[in-house]
Amino acid sequence: MNRGLRIARIAGIDIVLDWSLLLIFMLITVSLSAGVFPAWHPEWSAGLSWATGLGAAVMFFASILAYELSHALVGRAQGIEIRRITLFMFGGMAHMSKEPQRWRAELLMAAVGPLTSLVLGILFLALANMLTGPIEVDLEHPEEVLSLLGPVNRIDSARR
């Protein structure tokens, strides 16, 4: 499976972007930029909506890359050669030269991806909390608090 575009080389591992991921990238960008953001933030300019939608799609792509790169780096630490990661519509795949010989190596490789996602989620929630301060969310109407958030601004305490 050599289709796709080589976009980078990280730690000696080629990062290949399969063309199918472009479809997901476009869907995220368009649905946020032309649908969600204008509905939640009618005061935003079209440029801000599109820039924020594009930023969200790039961050989604980066999260998939971090997930797969964590598998690859742990695999390499366990003695498995990994020359390429392919990112595609349904996620990604680290191409291993062979299967892990020990169950612990396989367990570590399997566990590190979700663990990476969990750690990133906690870090980004902490960062959001630092930028916006504590937010009270009405679980019946979460869109109300989401409409108060901007791409880089703090929530005004009077609007909470």
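Everything below is about the structure shown above.
Model, not experiment: these values are computed from the prediction. (Residues numbered from 1 in each chain as written. Predicted model: local features only at pLDDT ≥ 70, side-chain atom pairs only at ≥ 80, totals over all residues. Heavy atoms only, no water.)

Undergrad: Break down a nonpolar patch on the surface for me, with residues and values.
TA: Together, Leu115, Leu118, Val119, Ile122 and Leu123 make up a nonpolar patch on the protein surface, roughly 470 Å² of accessible area in all. Residue placement: Leu115 occurs in helix α3 (residues 103-132). (Patch = residues over 30% accessible without salt bridge, like charges linked within 9 Å, V, L, I, M, F, W, Y side chains within 5 Å. Areas by Shrake-Rupley, 256 points an atom, 1.4 Å probe, with all protein chains shown as cover. Salt bridge = Lys/Arg side-chain N within 4 Å of Asp/Glu carboxyl O. Helix = DSSP H or I, 4+ residues; strand = E, 2+ residues; numbered from the N terminus.)

Undergrad: Describe in detail the environment of Phe90, supporting the description with residues and values.
TA: Among the secondary structure elements, Phe90 is positioned in the loop between β3 (82-88) and β4 (91-96). On the accessibility criterion, Phe90 (73% relative accessible area) is exposed. Distance in space between the C-alpha atoms of Phe90 and Ser63 is 13 Å, their sequence separation being 27 residues. (Buried < 20%, exposed > 50% of the residue type's maximum accessible area, 1.4 Å probe, protein only.)

Undergrad: Mind laying out the pattern of salt bridges, listing which residues take part and the relevant values?
TA: Taken as a whole, this structure holds three salt bridges when the rule is applied. One salt bridge in this structure joins Asp14 and Arg6, with 2.8 Å as the shortest N-O distance. One salt bridge connects Arg9 with Asp14, and the closest N-O pair in it is separated by 2.6 Å. One network of salt bridges, with partners in common, ties together Arg6, Arg9 and Asp14.

Undergrad: Provide a residue-level description of the nonpolar core, including the pertinent values.
TA: Nonpolar side chains tend toward joint burial in soluble globular proteins. Ranked by internal contacts, the top residues of the largest apolar core, which has 23 residues, are Ile13, Ile15, Leu21, Ala72, Ile85 and Leu87. For this core, the secondary structure elements donating two or more residues are β2 (13-17), α1 (19-40), α2 (46-77), β3 and α3. In terms of residue count, α2 provides more of this core than any other element does, seven residues in total. (Core = buried A, V, L, I, M, F, W, Y, C linked by side-chain atoms within 4.5 Å.)

Undergrad: Explain unusual backbone geometry to me, using residue names and the numbers behind them.
TA: What is expected of a backbone is that most residues other than glycine have negative phi and most peptide bonds are trans. Here the phi dihedral of Ala11 falls at roughly 55°; this positive angle occurs in a residue that is not glycine. Residue Ala11 is classed as partly exposed on the basis of its relative accessible area of 47%.

Undergrad: Pulling in residues and values, what's your account of the packing of α1 against α2?
TA: Where α1 contacts α2, the axes come no closer than 8 Å and their chain directions differ by 140°. At the point where α1 passes α2, the crossing takes the right-handed sense. Across from Leu21, Ile24, Phe25, Ile28, Thr29, Val30, Leu32, Ser33, Ala34, Phe37 and Pro38 in α1, the residues of α2 making contact are Ser49, Trp50, Thr52, Gly53, Leu54, Ala56, Ala57, Val58, Phe60, Phe61 and Ile64. Considering only residue class, the contact of α1 with α2 consists of 17 nonpolar, five polar and no charged. (Axes fitted to C-alpha atoms, helices over the stretch in contact; angles between N-to-C directions. Left-handed = near helix turned anticlockwise from the far one by under 90°. Contact = heavy atoms within 4.5 Å. Nonpolar A, V, L, I, M, F, W, Y, C, P; charged D, E, K, R; others polar.)

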